[in-house]
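# Per-entry structural report
Here is how the chains run, residue by residue.
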Amino acid sequence: MSDTRPLEPDIAIASPDVGETELRRIHDVLRSGHLSGGDEVAAFGEEFADYCTVAHGVPTSNGTTALHAALEALELGADDTVLTTPFSFVATANAVRHVGATPVFADIDPTTYNLDPEAVEATAEAHGDIDAILAVHLYGCPAPMAELREIADRYDAALVEDAAQAHGAAYRGRPVGSLGDVACFSFYPTKNMTTGEGGMVVTDDDALADRLRSYIDHGRDGEGNHAVVGHNFRMTDICAAVGRVQLGKLDDYVAARREHAAAYDDALAETDVVGPVEPDGCRHAYHQYTVRCDDREALRSHLRDYGISPAVYYPTPIHEEPAYDNVDASLPAAERAAKEVLSLPVHPSLSTDDVRRITVALTEYEA
């Protein structure tokens, strides 16, 4: 082992960057006395929609409620089928079940970890009918949206983006969030930008946006009546104020992630560890820098010896989770990925010394 082994604390897998500007904005909101449903929420929705180059941004309480509200606004429910990935955080599939629809899983591309269009085509054909495709831009890598759009159109199905990890990513020159019929983001503390807790749904569809705004506010309509049975999925003005500041930093955050990722790419060039790919025409946001190797535990132990804290996203495919034990599916690419992937710290709070330590550890790894 190199004598670069540190004595200082571990380099964490995530480290939210919340500074004095965010604190001042929180203080301003608290002093205003208008803590929820106010101008900050409205402004954040508009600014985030502008960032995604779409017409509407509807803030929500978290990323899961964003997904749930989007599927409700699409009027999906019992007897409807949503085709999605088994390799994501379980909230992706849970949202489908929350609206009463049935999730059906297609396998992933082992190089990008996103839905494999050929597998999507085969799964849709085998199932006979699908009502929506819920595509995840996993780890910040855009899913193959052109191919998925073609399939969705052929089945007259909605195309939904789970962009919880992909703020600032782009596909063929267009920002993630502008590629489907509706897109959902999370602002959990570990994401590319944060509001503490929070989510956002963006869309160009005026009617869909109206249904979203109603659903997250107890089904209230423009006349103040409760026209449908909705939920309280509203964002607070405190969270929105933080989000507006963070949105102004997002491009710098993503640039830092990409710079760190490039350094790791160079370090992996002479090793047997397989790094992430950035497909042609895509701008990867590197929410996670995820590698894979045959002996994940050996690599994880090696990194920990250098004071680095990696993490596994995700150790269990959704279709193998206990809550989904009624799902009978064989999805070998997702199942293998779950045994081999390991994510390294890539967040913008890393120092130059942190990045150097990670690159040295990768360079000196021997399988």
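Note that the structure is predicted; figures quoted are calculated from it, not measured. (Residues numbered from 1 in each chain as written. Predicted model: local features only at pLDDT ≥ 70, side-chain atom pairs only at ≥ 80, totals over all residues. Heavy atoms only, no water.)

## Topic: helix H9 (residues 296-305)
Heads up, the rule is: To sort residues, take the accessible area from a 1.4 Å probe on protein chains only and compare it with the maximum for the residue type: under 20% means buried, over 50% means exposed, and anything in between is partly exposed. Secondary structure elements are defined from DSSP: runs of H or I of at least 4 residues count as helices, runs of E of at least 2 residues count as strands, and each element is numbered from the N terminus. Think of the arc as the fan of directions from the helix axis to the C-beta atoms. Whether two residues are in contact is decided by their heavy atoms, any of which lying within 4.5 Å being enough.
Every buried residue belonging to H9 is among Arg296, Leu299, Arg300, His302 and Leu303, and all of these are buried. Mapping the buried residues of H9 onto a view down its axis gives an arc of 160°, with all of them on the same face. Where H9 is buried, its residues contact strand E11 (289-292), helix H10 (332-340), strand E12 (341-344) and helix H11 (352-363). Trailing H9 by a residue or two, glycine 307 shows a phi angle of about 75°, which is positive.

## A closer look at the pairing of strand E2 (residues 81-84)
Under the convention used in this document: Two strands make a pair as long as DSSP finds a minimum of two bridges between them. Seen with the strands pointing away from the viewer, any crossover whose path from the first strand over the helix to the second strand runs clockwise is right-handed.
Covered by surrounding structure in E2 are Thr81 and Leu83 together with Val82 and Thr84, the residues of both alternating faces. Relative to strand E3 (residues 102-105), E2 runs parallel, the two sharing 4 bridges. The residue bridging threonine 81 from the neighbouring strand is threonine 102, located in E3. Once you follow E2 into helix H4 (residues 91-98) and on to E3, the crossover reads as right-handed. Pairing analysis gives 3 bridges linking E2 to strand E4 (residues 132-136), with the strands arranged parallel. Residue pairing in the sheet places leucine 83 in a bridge with isoleucine 133 of E4.

## Re the sheet that holds strand E10 (residues 282-283)
Across the sheet, 3 strands lie side by side as E7-E6-E10; this open sheet has antiparallel pairing. The open sheet has two edge strands with one neighbour each: strand E7 (174-175) and E10. With 2 bridges connecting them, strand E6 (residues 170-171) and E10 associate as antiparallel partners. Opposite tyrosine 171, over in E10, you have cysteine 282 as the bridge partner.

## Side note on the side chain of threonine 194
Our working definition: N or O atoms within 3.5 Å of each other form a polar contact, as long as, within protein, one can give a hydrogen and the other can take it, and as long as residues adjacent in sequence are counted only when both atoms are side-chain atoms.
The topology assignment puts threonine 194 in the loop between strand E8 (182-186) and strand E9 (199-203). Side-chain polar atoms of threonine 194 contact the backbone oxygen of phenylalanine 187, separated by 2.8 Å. Among the polar contacts made by the side chain of threonine 194, one reaches the main-chain carbonyl oxygen of tyrosine 188 at a distance of 3.4 Å. Apart from the residues lying within four places of it in its own chain, the contact partners of threonine 194 are Val18, Phe187, Tyr188, Pro189, Val242, Gly243 and Gln246.

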